[in-house]
Amino acid sequence: MANRRGLKIVAATAVALVVAGLGLFVGRARSGVASDLVVPDLQGNAVRLSALRGKVVFLNLWATWCPPCREEMPSMERLYQRFRTRDFTMLAVSADEDKAAVEAFVKDHQVSFPVLFDPQRQVGDAYGVWGYPETFLIDRAGTIVEHVRGPRPWDNPDQVARIEKLLADPQK
């Protein structure tokens with residue numbers, strides 16, 4: 001009986017430590033100033049995140065070999081088309097190692113938003129990404145206001161309203 005109770009205490013402590021550790025990790029990823037990044041687009045031009053201050057930035061980390069990433073791309077394109085003429089930009093950072101595969105995907109799926117090529121996964125490392133897709137919504141001041149793990153229908157009314165609210169606020 002005593003051994004069972006001790007085992008339960010050890011198990012509960014282990015679970016609490018894991019949850020606390022995940023909470024720290026998630027909290028770090030969800031808030032604070034977005035780490036600056038300099039990543040080339042598919043044409044080789046350097047794109048610097050800090051140069052986009054004053055705009056709402058949708059930063060998506062993905063890969064062509066990731067089914068959920070492929071699933072959310074059409075809704076991302078629709079969202080981009082809706083907001084592209086405003087102070088909004090979308091950056092899709094590919095973690096693929098094969099640039100030709102990314103270029104073919106972009107062409108085949110008629111992706112019109114900027115796609116960046118990061119085969120060393122420097123952006124994912126800087127943002128604590130551990131799976132694909134992961135998306136960060138960054139306000140005008142450069143602060144991460146939302147961090148989403150996994151796919152989402154990005155053109156749904158709730159997400160559109162979220163971006164409208166950020167665009168309406170000149171400070172955020």
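Heads up: the structure comes first, above all this text.
Just so you know, these numbers come straight off a predicted model, no measurement behind them.

### Here we look at the overall build of the protein chain
- A tally of regular secondary structure across the protein chain gives five helices and seven strands.
- In the protein chain, the order of α-helices and β-strands from amino to carboxyl end is α-β-β-β-α-β-α-β-α-β-β-α.
- A separation of at least 24 residues holds for 67% of the contacts in the protein chain among residues at least 6 apart in sequence.
- Accessible area for the protein chain stands at about 9,500 Å²; split by element, carbon and sulfur atoms hold 56% of it.

### Description of the sheet that holds strand E3 (residues 56-62)
- Sheet architecture is open: five strands sit in the order E5-E4-E3-E6-E7, paired in mixed fashion. Each edge of the sheet is formed by a strand with only one pairing partner; in this case those strands are strand E5 (115-117) and strand E7 (144-149). Adjacent strand axes in the sheet meet at a mean angle of 20° when their direction is disregarded.
- With five bridges joining them, strand E6 (residues 134-138) and E7 adopt antiparallel strand pairing. In the sheet register, Ile138 faces E7, and the bridge partner there is Ile144.
- Against the sheet, helix H3 (residues 99-108) touches E3, strand E4 (88-94) and E5, its axis set at about 170° to E5.

### Considering the state of the cysteines
- Counted by the stated rule, this structure contains one disulfide.
- Two residues share a disulfide in this structure: Cys66 and Cys69, whose sulfurs sit 2.4 Å from each other. What sets the handedness of the Cys66 and Cys69 disulfide is the S-S torsion sign, and at about 80° it is right-handed. Just as Cys66 is buried, Cys69 falls in that class too.

### A few points about the side chain of Asp118
- Note that Asp118 resides in the loop between E5 and helix H4 (122-127).
- Arg121 is the oppositely charged side chain nearest to the buried, salt-bridge-free Asp118, at an N-O distance of 7.5 Å.
- Leave out the neighbours within four places in its chain, and Asp118 touches Val39, Val93, Ser94, Ala95, Val123 and Gly124.

### Digging into empty space enclosed by the protein
- Enumeration over the complete set of coordinates arrives at three cavities of 30 Å³ or more.
- Within this model, the largest cavity holds a volume of roughly 80 Å³.
- For the lining of the largest cavity, the residue count by class is five nonpolar, two polar and five charged.

### With respect to the environment of Ile138
- Tracing the sequence through the fold places Ile138 in strand E6.
- A relative accessible area of 2% places Ile138 in the buried class.
- The spatial distance from the C-alpha of Ile138 to the C-alpha of Val57 is 5.0 Å, given a sequence separation of 81 residues.
- If sequence neighbours within four positions are ignored, Ile138 has contacts with Ala34, Leu49, Lys55, Val56, Val57, Leu59, Tyr127, Thr143 and Ile144.

### Structural notes on the packing of aromatic side chains
- This model, assessed by the stated rule, comprises six aromatic pairs.
- Judged by centre distance (4.8 Å) and plane angle (85°), the ring pair of Phe58 and Trp154 falls under edge-to-face. Of the two residues, Phe58 sits in strand E3 while Trp154 sits in the loop between E7 and helix H5 (157-168), which places them 96 residues apart along the sequence.
- Residue Phe58 is classed as buried on the basis of its relative accessible area, which comes to 1%.
- Since its relative accessible area comes to 1%, Trp154 is described here as buried.
- With centroids separated by 4.9 Å and ring planes inclined at 55°, the aromatic side chains of Tyr127 and Phe136 adopt a geometry described as tilted. For the pair Tyr127 and Phe136, one class covers both residues: buried.

What counts, and where the lines are drawn
- Residues numbered from 1 in each chain as written.
- Predicted model: local features only at pLDDT ≥ 70, side-chain atom pairs only at ≥ 80, totals over all residues.
- Heavy atoms only, no water.
- Helix = DSSP H or I, 4+ residues; strand = E, 2+ residues; numbered from the N terminus.
- Contact = heavy atoms within 4.5 Å.
- Areas by Shrake-Rupley, 256 points an atom, 1.4 Å probe, with all protein chains shown as cover.
- Pairing = 2+ DSSP bridges.
- Axes fitted to C-alpha atoms, helices over the stretch in contact; angles between N-to-C directions.
- Disulfide = S-S within 2.5 Å.
- Buried < 20%, exposed > 50% of the residue type's maximum accessible area, 1.4 Å probe, protein only.
- Lys, Arg positive; Asp, Glu negative; His and termini not counted.
- Salt bridge = Lys/Arg side-chain N within 4 Å of Asp/Glu carboxyl O.
- 1 Å grid on protein atoms, 1.4 Å probe; cavity = no way out; pocket = protein on both sides within 12 Å on 5 of 7 lines; lining within 4 Å.
- Points joined across faces, edges and corners; volume = space filled by probe spheres on them.
- Nonpolar A, V, L, I, M, F, W, Y, C, P; charged D, E, K, R; others polar.
- Phe/Tyr/Trp six-rings, centres within 6.5 Å; stacked < 30°, edge-to-face > 60°.

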